[in-house]
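Structural features, examined
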Amino acid sequence: MRSLQRALKTLTRAVSAAPIAARIAATALVVAIASGAPVSSALAQSNANATASRARLSAADRALLDRASAYLTNLSGANGRFVQTDPSGRQIAGEYWIKRPGKIRFEYDRTGLLVVSDGTNVNVYDPRLKTFDRFPLAATPLNLFLARQVRVDRGVQVDSVRRARDGFVIVARDPRRQAEGSIALIFNETNGALRLREWTITDGQGRRTRVQLTSLQTASPDPALFVLNAPAGTRR
């Protein structure tokens, strides 16, 4: 709750004070972190609800959950490009790096916005607004697929597993906060090979923030990419 309140405070400050380009990036980013927090926070609770949720799925659905979990667990390092779409349909692109467990970096084009998880916290730096914010990794949706051992169905309620023409979609939420939103992980499958294509976070009001991974290559990123401290002169 504290991280959610801080996220909304950052969002309000960004909308009122920023140039339009920075405003777009800050709005999409903060909505994604704030609205997604309840989903990933369920990973720390008991597995009772997850067990019940899994029992409602078909054997084919459970097999897809296991494949998704294995894929994410084995994705130790990656680099690529992404496009983020905010609830108003505005888009901004950038580059990302992943080093599991726990580490990810997003660099947004044009605005210079940085989002860096160091394995414990997610740090957000906006050079245009001169702001620096920090959120516990466990309170963001990133924690869902940055864990050392990923279990997509453990500690969350799986609402559905939907097949698509070229893959499948897993929709999950916090079973303790049914009205506060969900996260959808979308996977592509080509010749039997699985790839995470995108995720979409939907908040309690139905607003969606979509992150598409337009490219993804395995990589061994420099550990220095995942260190981000507050620059001098920034507001917290």
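**Some details on the packing of aromatic side chains**
Applying the stated criterion to the full structure yields five aromatic pairs. Ring centres of Y71 and F187 lie 6.0 Å apart, and the angle between their planes is 85 degrees; on these two criteria the pair is classed as edge-to-face. Remark: F187 occurs in strand β9 (residues 181–190) and Y71 occurs in helix α4 (residues 59–74); sequence separation between them is 116 residues. Assessed through its relative accessible area of 1%, F187 is described here as buried. Ring geometry for F82 against F106: centres 5.2 Å apart, planes inclined by 85 degrees, an arrangement best described as edge-to-face. A residue pair is termed long-range when its members are at least 10 positions apart, and F82 in strand β1 (residues 77–85) and F106 in strand β3 (residues 103–108) qualify at 24 residues.

**What about the pattern of salt bridges?**
Applying the stated rule across the entire model yields eight salt bridges. The salt bridge involving R105 is made with E107; its shortest N-O contact spans 2.9 Å. Under the relative-accessibility criterion, R105 is labelled buried at 11%. Note on E107: relative accessible area 26%, which makes it partly exposed. Taking the shortest distance from any N to any O, the salt bridge between R197 and D166 comes out at 3.9 Å. Of this pair, R197 sits in strand β10 (residues 193–203) while D166 sits in the loop between β7 (157–164) and β8 (167–173), and the two are 31 residues apart along the sequence. Connected through salt bridges with shared partners, the residues D166, R197, E198 and R210 form a single ionic network.

**Here's the deal with the confidence of the model for the protein**
Summary statistics for the protein give a mean pLDDT of 76 and a share of 70% for residues scoring 70 or more. Note on residues 1–48: pLDDT under 50 across the span, and 106 contacts to partners over four residues away in sequence or across chains.

**Structural notes on the environment of E198**
Take E198: it is sitting in strand β10. Assessed through its relative accessible area of 3%, E198 is described here as buried. Taking the C-alpha atoms as reference points, E198 and R210, separated by twelve residues in sequence, lie 7.3 Å from one another. The contacts of E198, once residues within four sequence positions are left out, are A184, L185, I186, R210, V211, Q212 and L213. Engagement of the side chain of E198 in a polar contact is seen with the side chain of R197, the distance being 3.3 Å.

**What to know about the environment of L57**
With respect to the helices and strands, L57 occurs in the loop between α3 (48–55) and α4. For L57, a relative accessible area of 10% gives the class buried. The spacing of L57 and S160 is 103 residues in sequence and 7.9 Å in space, taken between C-alpha atoms.

Reading the values: the criteria
- Residues numbered from 1 in each chain as written.
- Predicted model: local features only at pLDDT ≥ 70, side-chain atom pairs only at ≥ 80, totals over all residues.
- Heavy atoms only, no water.
- Phe/Tyr/Trp six-rings, centres within 6.5 Å; stacked < 30°, edge-to-face > 60°.
- Helix = DSSP H or I, 4+ residues; strand = E, 2+ residues; numbered from the N terminus.
- Buried < 20%, exposed > 50% of the residue type's maximum accessible area, 1.4 Å probe, protein only.
- Salt bridge = Lys/Arg side-chain N within 4 Å of Asp/Glu carboxyl O.
- pLDDT = per-residue confidence, 0-100.
- Contact = heavy atoms within 4.5 Å.
- Polar contact = N/O pair within 3.5 Å; in protein donor to acceptor, adjacent residues only side chain to side chain.

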